[in-house]
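# Descriptive analysis of the structure
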Amino acid sequence: MSTQDLFREDAQLRDCAATLLRVDERGLLLDRTVFYPQGGGQAGDAGTLTLADGREIRIVDTRKGEDGEILHLAAPELSLEGLVVGSPVTARIDWERRHAHMRFHTATHLLCALVPHPVDGCSITAGYARLDFHMTDALDKDALTAGIARLVAGAHPVGHSWISDEELDANPGLVRSMSVQPPRGSGRVRLLKIEGVDLQPCGGTHVANTAEIGAVVVTKIEKKSARTRRVVLGFAP
Ligand SMILES: [Zn+2]
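Structural notes, computed from the coordinates. (Residues numbered from 1 in each chain as written. Predicted model: local features only at pLDDT ≥ 70, side-chain atom pairs only at ≥ 80, totals over all residues. Heavy atoms only, no water.)

### Notes on unusual backbone geometry
Our working rule: Starting at the N terminus, helices and strands are each numbered in turn, a helix being any DSSP run of H or I of at least four residues and a strand any DSSP run of E of at least two. Classification of residues uses two cut-offs on accessible area relative to the type maximum, computed with a 1.4 Å probe and protein chains only: under 20% is buried, over 50% is exposed, and between them is partly exposed.
Positive phi outside glycine occurs at aspartate 67, with the angle close to 55°. Mapped onto the secondary structure, aspartate 67 falls in the loop between strand 6 (56-64) and strand 7 (70-74). Taking the relative accessible area as the measure of exposure, aspartate 67 reaches 65% and is therefore exposed.

Structure follows, in structure tokens:
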């Protein structure tokens, strides 16, 4: 049974009412959720599920299950006895942590615009983000930090749209303007657009405007292999 993924349309949602559908060792399954499951390099959300009697279940991570299920992983020390399938819950994410994911995630899109090379690895946490570029040239840490600051100050709106595989095929110019080839086969593709900056298929959560990213800096550039340059982002101290 798939979970309705509310964060896909509105990443700013912090909580939602939902119904508990299943409780087992895989995790807690809800009919709908604001919790983003680990994927696309972005860490899964943490937060709480509040039961009708006020009891709080602490959620430490979120993962994808089978068939579009989103599984909420409860803190291991918690007893899940007495949880009744079919009962209402309020699902609430740890917003500070998620907003850090959103700021870093959107910043990685800015990096993609600044470094026109294919990406072959990505990791986004609340403390840092890293992006691996398939390239051999050297990168300048200070120049990239300045480039990100310029795009943040530019206050570019961030939005998304859905297009079908057919629409994509009918607009070959679209694919050329994207830095990542869209995944085909599921029938529709989610395009993330930062106006005037970046356009690419992405299912993650992003801020609504680049100004919301704030002070993000390049903390490290590493030569991971002969053909890979790793860029690490952090929040300015
Ligand atoms: Zn993205």
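### Considering the pattern of salt bridges
Close approach of charged atoms allows side chains of opposite charge to pair. Worth spelling out the cut-off: By definition, a salt bridge exists where a carboxyl oxygen of Asp or Glu is found within 4 Å of a side-chain nitrogen of Lys or Arg.
By the definition in use, this model includes nine salt bridges. One salt bridge in this structure joins arginine 26 and aspartate 24, with 2.6 Å as the shortest N-O distance. Among the salt bridges present, the one from aspartate 45 reaches arginine 98, with a minimum N-O distance of 2.8 Å. In this pair, aspartate 45 is assigned in the loop between strand 4 (32-33) and strand 5 (47-51) and arginine 98 in helix 1 (residues 95-114), connecting sequence segments 53 residues apart. By the burial criterion, aspartate 45 is buried, and arginine 98 matches it.

### Considerations on the coordination of the zinc ion
Expected angles at a metal are 109.5 degrees for tetrahedral coordination by four donors and either 90 or 180 degrees for octahedral coordination by six donors. Put simply, the rule is: Note that water is not among the atoms considered, so a metal site may appear incomplete; the donors listed are N, O and S atoms within 2.8 Å of the metal, with 3.2 Å applied to Na, K and Ca. For a four-donor site, all angles between 85 and 135 degrees give tetrahedral; for four or six donors, opposite pairs above 155 degrees with the remaining angles between 65 and 115 give square planar or octahedral; all remaining cases count as irregular.
The protein atoms that coordinate the zinc ion are His105 (NE2), His109 (NE2), Cys202 (SG) and His206 (NE2), at distances of 2.0 to 2.2 Å. Given four donor atoms and angles of 101 to 126° at the metal, the environment of the zinc ion is assigned as tetrahedral. Read in sequence order, the donor residues for the zinc ion give the motif H-x3-H-x92-C-x3-H. Here histidine 109 is found in helix 1, whereas its partner cysteine 202 is found in the loop between strand 13 (198-201) and strand 14 (216-225), with 93 residues between them in sequence. By the burial criterion, histidine 109 is buried, and cysteine 202 matches it.

### Some remarks on the nonpolar core
Most often, soluble globular proteins keep nonpolar side chains buried together rather than apart. For the record, the criterion: Residues enter a nonpolar core if they are buried and are Ala, Val, Leu, Ile, Met, Phe, Trp, Tyr or Cys, with the set joined through side-chain atoms within 4.5 Å. Whether two residues are in contact is decided by their heavy atoms: any pair within 4.5 Å suffices.
Judged by nonpolar contacts, the single largest core of 45 residues is most densely connected at Leu49, Leu110, Leu111 and Leu233. In contact with leucine 111, other than residues within four places in its own chain, are Leu131, Phe133, Leu144, Ile148, Val231 and Leu233. Core analysis: the next-biggest nonpolar cluster, separate from the first, contains seven residues, Ile163, Leu168, Val189 and Leu191 among them.

### With respect to the sheet that holds strand 12 (residues 188-194)
Basically, it comes down to this: The pairing criterion is simple: DSSP has to find at least two bridges between the two strands. Only the stretch in contact is used when fitting a helix axis, every axis being a line fitted to C-alpha atoms; angles between N-to-C directions are given from 0 to 180 degrees.
Pairing in this open sheet of three strands is antiparallel, and the strands run 11-12-13 from one edge to the other. Where the open sheet ends on each side, the last strands, each with one partner, are strand 11 (158-164) and strand 13. Adjacent strand axes in the sheet meet at a mean angle of 25°, parallel and antiparallel pairs treated alike. Where strand 11 meets strand 12, seven bridges bridge the pair, whose relative direction is antiparallel. Bridging across to strand 12, glycine 159 finds its partner in lysine 193.

### Regarding the environment of valine 207
Mapping valine 207 onto the fold places it in the loop between strand 13 and strand 14. By relative accessible area, valine 207 is classed as buried at 1%. C-alpha separation for the pair valine 207 and histidine 101, spaced 106 residues apart in sequence, amounts to 9.3 Å. In contact with valine 207, other than residues within four places in its own chain, are Gln12, His99, Met102, Arg103, Thr106, Val158, Glu212 and Ile213.

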